[in-house]
Amino acid sequence: MANEFVKKVAEEKYKFGFTTDIDTEIIDKGLSEDVIRLISSKKNEPDWLLEFRLKSFNFWKEQTSPSWGHLTLPDIDYQDISYYADPTKKKQGSETKEIDPELMKTFDKLGIPLEERMALSGMAVDAVMDSVSVKTTFKEKLAEKNIIFCSISEAVRNHPDLVRKYLGSVVPYRDNYFAALNSAVFSDGSFVYIPANTRCPMELSTYFRINARNTGQFERTLIVCESNSYVSYLEGCTAPMRDENQLHAAIVEIVVMDNAEVKYSTVQNWYPGDENGKGGVLNLVTKRGRLIGHHSKLSWTQVETGSAITWKYPSCVLEGDDSQAEFYSVAVTNNHQQADTGTKMIHLGKRTKSTIISKGISAGRSENSYRGLVKIGKHADGARNYSSCDSLLLGSKCGAHTFPYMDIQNNTATVEHEATTSKISEDQLLYCRQRGINTEDAVGLIVNGYAKEVLNKLPMEFAVEAQKLLSVSLEGSVG
Amino acid sequence: MSEQQYIDFYTQCRNLIMSKSCGVMNDVREKAFKRFKTVGFPSRKSERYKYTDVDKAFQTDFGILFTPLGITPSAYIFSLKDAPADVRPYYNRLADQHDGITLLNTMLAHECLLIYVPADTKVEKPLTVDNWIKGEVPSMMNRRILVVMEKGADATIIVNDHATDKQEFLTTQVIEVYCHDNAHLDLYEIEETTPLTKRFSNVYIHQQPYASVRHSVITLHNGLTRNLCDVILNGEFSETTLNGCAIGSGKQHIDNNTLIRHNAAHCTSNELYKYVVDDQAVGAFAGKILVEKGAQQTSSQETNNNLCASPSARMYSQPMLEIYADDVKCSHGSTTGVLDETALFYMRQRGIAEEEARMLLKNAFLGQVIDQIDYEPLRSKIFVKVEKRFLGEMEKCKTCNLCK
């Protein structure tokens, strides 16, 4: 009886696993210069961007996939993936500006409001499916404040100077293997520009969805926040359940100027594969922010519950004096998932501060690692870092690891790191069960309490979602 | 690529080395040589050698010393040559066969010091091993020590490392330690060499049920030091303590790398490493605690505290946990910072000169490690040495002519 219940829950678990049956234009599989030229021409890109792509591609060809992560990365056949899939391609003859109702339905089902009148929360959304941005809401309203929020392809066309100035300035194409791949073939993503002295009136959000089969998603997000401005940005993602691995290699670049503040929150819920470790998204992402201005602030908050493999290190380069960076993360792995995630805090400016709070939860046969670097440069006088990494183990077949690296070149800096690994204490469980809470709920309760410190940092709508996700991800992992 | 000169040297002198050595060492020599030819020296790209440039350290054209062991007759200390047949097979069983430094040592070492403590024997006085290196030309020495603690044995071993003469020296050292059930070992390594000395020490410890080992490595004066310590806890309820303290000034380089592998349940491990780095000194600490599947009820604590005393000093810290069992309590902590200004202020208010106040604080900082030295005479000796070290004085031992 109980087993049946668990099985049912396990099967239901990934509720975003449906596929949308929609006409999608997919280019042939394979990766070559011609494919890159084709992508570029489909997007009507200027020559400089094509050149950037080709340079990246040539660099990528010389590199090999990194192997230092605590992950077993399957061999990826880069020629067996299609690098461009466009679900918005109009059928010949139809000239309407309307979005395909199937697409609307999909995003409705995912709970993403694409119609502005339905959006109660006042959140502007850029919805990206496969390689193309479907729709960006509240564009006009934001334009009143001179805020630019659009897909990156649109930005290339309408704001080429801005894009050219900042694209690749935070994550250069030579940064790593996957960054080079993304720079070569990136499709869509969001572009945010907040002009000086502006507080963005609503949360900006991008929702990424992989739909088409045998495609990879390579989105690119660029956020520029000018002096004295503020923006909070959310990112969500899901994918259908498929037996084969799907590749997702994204880049997020953030530039923060004097006194500006950017809050970047992610709830990553790509398809994690089934309970036998079959399928799932390979999430290989490079995210980085440059805090160029003095007194600038950047905070990364991430809730990682999905993906078969997560390889992701949202980082901050604290260049401006008195700049502050934060990293809050909850990473949950279950079944056969593997996560190697953490952050890099590179202190260059004086009196820079960074905080790292990382909570790992591993269940089933999963592997969950924290890997982080705190580097204090020669001139970062009075820099301060505090890191705390906790791991929770649910079950005896999983692994939890911590690999912090500290490199300190300044004697006035203070760097602290602490980490603990333990399991849920029997006392806590007993306490809950005595009060009539069954084991599964009790575990959910304790885990939520454990992750609260991070979840509290999420915008409210996301926090509720994340909390639900956390308990769903762990269902069936107890007992 | 500095390994070539060692390969050439070995090819030319293999017969000479073998003639000075004994069968059990010669048996593994060729194999180590073959491995070394393929493995070579570890590069900075290999995770455990990130912080020390091995290739550069070995570049000098060293003359290789084959100083014979001088053993004061003792019931516990022997040369491996004279060891009973049943002890010999312990040789080279623990040493990592993939580590270039260990391979080089196995290939070149001509003698091995054996410390053998029979079952249920408590050695009252500490066993002391003094290493001196001296020479007119750049010289290299390859030391090898094998420690076998039978069931219930109990001993303290102090290994002193000295170097004299203003000459470039390099020592490689491999210590293998077997601790059988209920054995207890206190192993101290104290380094007082010169800025021109390079030291590569690899310590391998294997523990059976209820065995307890404490290994402390104290670096007072050195040039370039790289200490590696691998511990395997193979029996339940065994206990390991790894302590280290290092004082770096000038251009000193001190790199401690540890790995504690928990293979059995109910084991305890504790690590405490403290560094004070001044001038352009570089300190590095990387420690990993690995808890294998099934090693339930493991309790482990790893701490690394560092003081950076000058703007150009550099400190790397890398405390790691790799855990595959769920019923464990593991934690690590690392801090790097400056002397507490309020504490300094407090002392100066009370008429203590700033220099002295700083020294007191630094002393107290390292005191936490030194306090854990069980053997009282050694503890007070180290306290004095550390104090003198901070005062910039070299400690002159009365009995030794070499320092004068």
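Residues numbered from 1 in each chain as written. Chains lettered and ligands numbered in written order. Predicted model: local features only at pLDDT ≥ 70, side-chain atom pairs only at ≥ 80, totals over all residues. Heavy atoms only, no water.

## Observations regarding the overall build of chain B
Part 1: When you go through chain B residue by residue, the secondary structure sums to seven helices and 18 strands.
Part 2: If one aligns the C-alpha atoms of chain B with their principal axes, the spans along those axes are about 70 × 55 × 45 Å.
Part 3: Going through the 404 residues of chain B one by one, you find that 61% of them count as buried.
Part 4: Sequence-distant contacts, at least 24 apart, represent 84% of the contacts inside chain B between residues at least 6 apart.
Part 5: Positive and negative side-chain charges of chain B, numbering 45 and 51 respectively, have mean locations separated by a distance of 4 Å. (Helix = DSSP H or I, 4+ residues; strand = E, 2+ residues; numbered from the N terminus. Buried < 20%, exposed > 50% of the residue type's maximum accessible area, 1.4 Å probe, protein only. Contact = heavy atoms within 4.5 Å. Lys, Arg positive; Asp, Glu negative; His and termini not counted. Charge placed at Lys NZ, Arg CZ, Asp CG, Glu CD.)

## Some remarks on the overall build of chain A
Part 1: A count of helical and extended segments in chain A gives 11 helices and 24 strands.
Part 2: Relative to the compact-globule value of 23 Å for 479 residues, chain A shows a C-alpha radius of gyration of 22 Å, a close match.
Part 3: Each principal axis of the C-alpha distribution contributes one length, and for chain A these read about 65 × 60 × 50 Å.
Part 4: For chain A, the proportion of its 479 residues judged to be buried stands at 61%. (Rg over C-alpha atoms; globule rule 2.2 N^0.38 Å.)

## Looking at the packing of helix 3 (residues 47-62) of chain A against helix 8 (residues 177-185) of chain A
Residues and elements named next belong to chain A.
Part 1: Packing of helix 3 against helix 8 leaves a shortest axis separation of 7 Å and a crossing angle of 145°. Helix-helix and strand crossings are classified by hand; for helix 3 and helix 8 the assignment is left-handed. Listed contacts from helix 8 to Phe52, Arg53, Ser56, Phe57, Phe59 and Trp60 of helix 3 are Tyr177, Ala180, Leu181, Ser183, Ala184 and Val185.
Part 2: Looking at the contact of helix 3 with helix 8 residue by residue, the classes come out as nine nonpolar, two polar and one charged. (Axes fitted to C-alpha atoms, helices over the stretch in contact; angles between N-to-C directions. Left-handed = near helix turned anticlockwise from the far one by under 90°. Nonpolar A, V, L, I, M, F, W, Y, C, P; charged D, E, K, R; others polar.)

## Describing the packing of aromatic side chains
Residue and element names in this part refer to chain A.
Part 1: Taken as a whole, this structure holds 24 aromatic pairs over all chains when the rule is applied.
Part 2: Each ring, one from Phe59 and one from Tyr173, has its centre 6.0 Å from the other, and the planes form 85°; the classification is edge-to-face. Linking Phe59 in helix 3 with Tyr173 in the loop between helix 7 (160-166) and helix 8, this pair joins segments that are 114 residues apart in sequence.
Part 3: When the ring of Trp311 is compared with that of Tyr313, the centres are 5.5 Å apart and the planes differ by 80°; the resulting orientation is edge-to-face.
Part 4: Overall, the relative accessible area of 10% leaves Tyr313 in the buried class. (Phe/Tyr/Trp six-rings, centres within 6.5 Å; stacked < 30°, edge-to-face > 60°.)

## Focus on unusual backbone geometry
Part 1: One non-glycine residue with positive phi stands out, namely Asn197 of chain A, at about 55°.
Part 2: Even without glycine at this site, Phe237 of chain B takes up a positive phi of about 60°.
Part 3: In this fold, Phe237 of chain B is placed in the loop between strand 11 (224-233) and strand 12 (239-248).

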